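Reading the structure
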Amino acid sequence: MSICMILRCICFAKVLKIVITFEKVIKTFFIIFYELKGGGVWNIFCIFVGMKYDVIDRLRRERSLADAELRELLVSEDKGLIARLKEVACEVARENFGREIKSRGLIEISNYCKNNCLYCGIRAGNAKVERYRLSKEEILECCEQGDALGFKTFVLQGGEDVRHTTEWVEDVVREIRRRWPEKAITLSLGERPDEDYERWFAAGADRYLLRHETANACHYAQLHPEGMSYENRVRCLQTLKRIGYETGTGMMVGSPGQTVDDLVMDLRFIEQLQPQMIGIGPFVSHRDTPFADCANGSVETTLRLIAILRLMHPKANIPATTSLGTLATDGREQGIMAGANVVMPNLSPVKDRKKYALYDNKICMDLEAAESRRAIEEQLKVMGYYLS
Ligand code: SAM
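**Brief notes about the site of the ligand**
The local shell around the ligand holds 18 residues, among which Tyr119, Gly158, Arg211, Glu213 and Val284 are the closest. Glu213 places a polar side-chain atom, nitrogen or oxygen, 2.6 Å from an oxygen atom of the ligand. When the free accessible area of the ligand is taken as 560 Å², the share hidden by the protein chains comes to 92%. When each cavity is represented as a set of grid points, the ligand is found to reside in the largest cavity. Grouping the amino acids of the shell around the ligand by side-chain chemistry returns 10 nonpolar, 5 polar and 3 charged.

As structure tokens, this is what we get:
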């Protein structure tokens, strides 16, 4: 190659760099303009220069966007743009997990709860709930069944039951670990003192799910009773991460009082925490709670959030939740097509399932664990996926 050619190449590269920098300046300018003018100008500009689709590629590449752009993805009525968002998210899930959908065997160990969260069907104040608590032996039987069905992870979830002492849970975890050394044990038992989290980890638990529910402290206070605080929830999540748990968090989508800006705050919170699992599902009302008459969350917004989260966190485990399947017959399938890679079939004894009604019309209340797993397996097969 002649010197002249090399000089031309250098020159071209420099011009290209200037053009890219110029493009970034223009974009930043319009994002600021968007913030100032409430969105309209940005929209027109995007349509004009055909930049809308570039946003999705940028989200995939840079794993983040400006607040205004995230907001736009959540409210946009551009069907083409949203179809592309889900398509790219699904593509990224396939790059990371292939055609595998991971199963987690959910065991609902107690519906006693000392808390009075305004949205939750098993809140302490709901006197209509028939309460139950599984014994250690019953939990182990659920695990036996789960093992026989091929589950590699057991998720022990429950209300904040005061009878679940540090020692009792520790003993259950230790026994599961002893019997199934190769399984993952996930706990989802709410906010506890640091010492409990530490002892359960030492006994063999390796993952913990604790949704932050909303990253807006004022909104958190609207959803929870006095005595519960956003600060404490965040503190618990940080402790769990520090101890070494694979940590899961997430929010309810469309909970009463939630705004689009709150959802952007949720995305930022998750971006900062970098959890290994992200569980989000639509809010579904329960007839015996203060939110009985509130509208359910949107399936569509939940799907968009799954897709955005998949692009922001390519390797995170993101379930297609039961609440999504409750509000839309094919909700879980749609979740997978938007980038989810986990399902959580129920291993709890059928006799107690109906009592763990967090919201109305919860699905899979009557199916035995085996049937439940088989039904999901078949659905996945039709879609070209397999359950692991
Ligand atoms: N006590 C544990 C905790 O607080 O994390 C686990 C049990 S709690 C019932 C599990 C999750 O159920 C909550 O994090 C919440 O997001 C979800 N949930 C409760 N009520 C709901 C509702 N009405 N609609 C949708 N999800 C709900």
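**Notes on the packing of helix H11 (residues 260-273) against helix H12 (residues 299-312)**
Two elements in contact, H11 and H12, have axes whose closest approach is 11 Å; the angle formed by their N-to-C orientations is 30°. One finds that H11 runs roughly parallel with respect to H12. As H11 packs across H12, the resulting crossing turns out to be right-handed. Contacts between H11 and H12 pair Leu263, Leu267, Arg268, Ile270 and Glu271 from the former with Thr301, Leu305, Ile308, Leu309 and Met312 from the latter.

**A closer look at the pairing of strand S3 (residues 153-158)**
In terms of burial, S3 is a largely internal element, 6 of the 6 residues being buried. Across the two faces of S3 the burial is the same, with Thr153, Val155 and Gln157 and Phe154, Leu156 and Gly158 all buried. With 5 bridges connecting them, strand S2 (residues 105-110) and S3 associate as parallel partners. Pairing of Gly105 across the sheet is with Phe154, part of S3.

Conventions we followed
Residues numbered from 1 in each chain as written. Predicted model: local features only at pLDDT ≥ 70, side-chain atom pairs only at ≥ 80, totals over all residues. Heavy atoms only, no water. Near = heavy atom within 4 Å. Polar contact = N/O pair within 3.5 Å; in protein donor to acceptor, adjacent residues only side chain to side chain. Areas by Shrake-Rupley, 256 points an atom, 1.4 Å probe, with all protein chains shown as cover. 1 Å grid on protein atoms, 1.4 Å probe; cavity = no way out; pocket = protein on both sides within 12 Å on 5 of 7 lines; lining within 4 Å. Sits in = over half its atoms within 2 Å of the grid points. Nonpolar A, V, L, I, M, F, W, Y, C, P; charged D, E, K, R; others polar. Axes fitted to C-alpha atoms, helices over the stretch in contact; angles between N-to-C directions. Helix = DSSP H or I, 4+ residues; strand = E, 2+ residues; numbered from the N terminus. Parallel < 35°, antiparallel > 145°, perpendicular 65-115°, else oblique. Left-handed = near helix turned anticlockwise from the far one by under 90°. Contact = heavy atoms within 4.5 Å. Buried < 20%, exposed > 50% of the residue type's maximum accessible area, 1.4 Å probe, protein only. Pairing = 2+ DSSP bridges.

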